[in-house]
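# Close look at the chain arrangement
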Amino acid sequence: MEVDGFEAKTNLFLSWLSQMGVIMSAKAALVDLRTGARGRGVVATGNFDEDEVIFAVPRSAVLNRNTISSTKSMRPVQQEIFDMPSWLALTAIILEESRRPDSQWAPYLALLPRQLDNLAFWSDAELSELQASKVVDKIGKSSAEEMFSSSIAPLGIENYSIQECHRVASIIMSYAFDIPEETSQEDEGVGEDDDLVSDDGEETTILSMIPLADMLNADADRNNARLCCDNEKLEMRAIKSIIAGEEIFNDYGQLPRSDLLRRYGYVTENYKAFDVAEICTKELLSLFRSKEAFQGLNLNPLSQEDLENRTELAEREGVFEEAYDISHPRPEGPGIPDALLALFYLILLDKQSLQALYDSDGLPSRSKLTTELVGQVLVIVFQLRENEYATSLEDDEALLAAGNLPHRMSMAVQVRHGEKAVLRAAIRDAATFTGSNKRMRLERKQTSIGEGKGKRPIQESTGSKKKGRSR
Ligand SMILES: C[S@@+](CC[C@H](N)C(=O)[O-])C[C@H]1O[C@@H](n2cnc3c(N)ncnc32)[C@H](O)[C@@H]1O
């Protein structure tokens, strides 16, 4: 006999779905996956062919900003709701619908979780386990609170509290879909073939809670279903054949585990391939002003003016970013982004070559940017970044291998370990750069760098075209 009403809530929700006109294939079932720590999920009980409809949800069962026109109590504040950012408006609407015992969405709202593991709900002590992960700066809890106070509080919703706003806003972050807005009769035919859910935030989309569609879990590239939208209904279709017994997975995107944790409150091994380590450009640039950071590389610190000129050129060339994400190399691109290589290259270029680049149009190709010096500087930058974490990659490996960590701590260790693993791989990669240093602004000194890699005397580049090969 269950004590938490989990199954009863599921059953009420399933009957409500059919009243709302949701049609679910007899070959799919909403099931209890709590033993796998996944809450509810949808599982195939029969085989699905590619493109087969798993369930269809009519637009009338969807909860979004358009819903308020049917909610009498919200009509007086309709304009305020329309003026808010979409996630805030949906937060207000769900708060109001949750308050009303006669809300037509009550059996659906009762299913949404009370406890969440998204980072907004972590204590400071729990967050400190993420160590130097930049995700901690992206939680945005206090700015969200300001918005709740300035936009939602004045609406006078009965059950308003900051805590409840956080819960609802986090649910929206992990459950809502951005779907193409319903087109009017006159517009019909314009976008009828556009059946993909858009998540690019274009004006024609509307942030919506879609009952049942949001009961699908996700696990990186294990997705086997996709939401397709037309003007009347939203259909969850198989994107490949699904065998009876398999879980039906949606696609939450190729998120690094840090962002998965921030937005969805969980991590799995399958997202490891998308992990990133973030390098903050401001911190990076300060290294080039110091004497200590690159000791042993025959590299003089840059004046503030020189550094600014070089970063301005990087901006002109479209390679300057506030932060750079280092990732594992993937078919879509290398782990160390071209833009970061280009920034380093510009910072390390000798004066004459820099001037030539100013007067030219365009940066050299990636293979020219990967000079030995760029690689050496990158190695140092990545090592410094790795040292910002309080524990080493090996410490974290031992912690994870020992197991028995509390749930949130285990997730935090996986995130920070993943970021360090990205940095280690990037260090190995940068150490292989062997491109010529002849245009690099190395101190004029007869010395050698790059132990074991085609050693040659290092000369300050004069830009002279007839510089011969030294080997
Ligand atoms: C859109 S909901 C999916 C339905 C959810 N399982 C439920 O019971 O309400 C997204 C949430 O499901 C959970 N989730 C999704 N995929 C998961 C996975 N592979 N492992 C663990 N939890 C997952 C996370 O809590 C996430 O925030």
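One structure accompanies this document, and this report is about it. It should be emphasised that the depicted structure is a prediction, and the values quoted were computed from it without experimental measurement. (Residues numbered from 1 in each chain as written. Predicted model: local features only at pLDDT ≥ 70, side-chain atom pairs only at ≥ 80, totals over all residues. Heavy atoms only, no water.)

## Focus on the pattern of salt bridges
- This model, assessed by the stated rule, comprises 33 salt bridges.
- The salt bridge involving R237 is made with D51; its shortest N-O contact spans 3.5 Å. Of this pair, R237 sits in strand β10 (residues 233-238) while D51 is found in the loop between β3 (40-44) and β4 (53-58), placing the two residues 186 residues apart along the sequence.
- Residue R237 is classed as partly exposed on the basis of its relative accessible area of 21%.
- Residues E269 and R257 are paired through a salt bridge, measuring 3.9 Å at the closest nitrogen-oxygen approach. Residue E269 is located in the loop between α8 (257-264) and β12 (276-280), and its partner R257 is located in helix α8; the two are separated by 12 residues in the primary sequence.
- Using a relative accessible area of 1% as the deciding quantity, one classes R257 as buried.
- Among the charged side chains, a network of salt bridges with common partners joins D51, D230, K233, E235 and R237. (Salt bridge = Lys/Arg side-chain N within 4 Å of Asp/Glu carboxyl O. Helix = DSSP H or I, 4+ residues; strand = E, 2+ residues; numbered from the N terminus. Buried < 20%, exposed > 50% of the residue type's maximum accessible area, 1.4 Å probe, protein only.)

## Structural notes on the sheet that holds strand β6 (residues 177-180)
- Strand order in this open sheet of three strands is β5-β7-β6, and the pairing throughout is antiparallel. Of all strands in the sheet, those bounded by a partner on one side alone are β5 (63-64) and β6. (Pairing = 2+ DSSP bridges.)

## Concerning the packing of helix α10 (residues 304-316) against helix α12 (residues 351-359)
- Relative orientation of the contacting elements α10 and α12 amounts to 35°, with a least axis distance of 11 Å. Of the two possible hands of crossing, α10 and α12 adopt the one that is left-handed. Here D306, N309, R310, L313 and R316 of α10 come into contact with α12, specifically with K351, L354, L357 and Y358. (Axes fitted to C-alpha atoms, helices over the stretch in contact; angles between N-to-C directions. Left-handed = near helix turned anticlockwise from the far one by under 90°. Contact = heavy atoms within 4.5 Å.)

## With respect to the state of the cysteines
- Taken as a whole and judged by the stated rule, the model has zero disulfides.
- The thiol of C228 is unpaired, and the distance to the nearest cysteine sulfur, on C229, comes to 7.3 Å. (Disulfide = S-S within 2.5 Å.)

## Let's talk about the site of the ligand
- Taken together, 15 residues lie around the ligand, and R38, R40, Y175, N217 and Y264 are the ones closest in.
- Within the backbone of R40, one N or O atom sits 2.7 Å away from an oxygen atom of the ligand.
- About the coverage of the ligand: the protein hides 88% of its 560 Å² of free accessible area.
- Elements with a minimum of two residues in the shell around the ligand: α7 (162-175) and β8 (217-218). (Near = heavy atom within 4 Å. Polar contact = N/O pair within 3.5 Å; in protein donor to acceptor, adjacent residues only side chain to side chain. Areas by Shrake-Rupley, 256 points an atom, 1.4 Å probe, with all protein chains shown as cover.)

## Description of the packing of aromatic side chains
- Counted under the stated rule, the structure contains 11 aromatic pairs.
- Measuring from ring centre to ring centre gives 6.0 Å for F13 and W16, while their planes differ by 20°; the resulting arrangement is stacked. Highlighted residues: F13 and W16, both in helix α1 (residues 6-19), separated by three residues, approximately one helical turn. With respect to burial, F13 and W16 carry one shared label: buried.
- Aromatic ring contacts, followed pair by pair, group Y252, Y264, Y266, Y271 and F274 into a single cluster.
- Over the ring of F48 we find K27, and its NZ or CZ is 4.8 Å from the ring centre.
- Of note, R34 hangs over the ring of F6, and the distance from its end group to the ring centre comes to 3.6 Å. (Phe/Tyr/Trp six-rings, centres within 6.5 Å; stacked < 30°, edge-to-face > 60°. Lys NZ or Arg CZ within 6 Å of the ring centre and 35° of its normal.)

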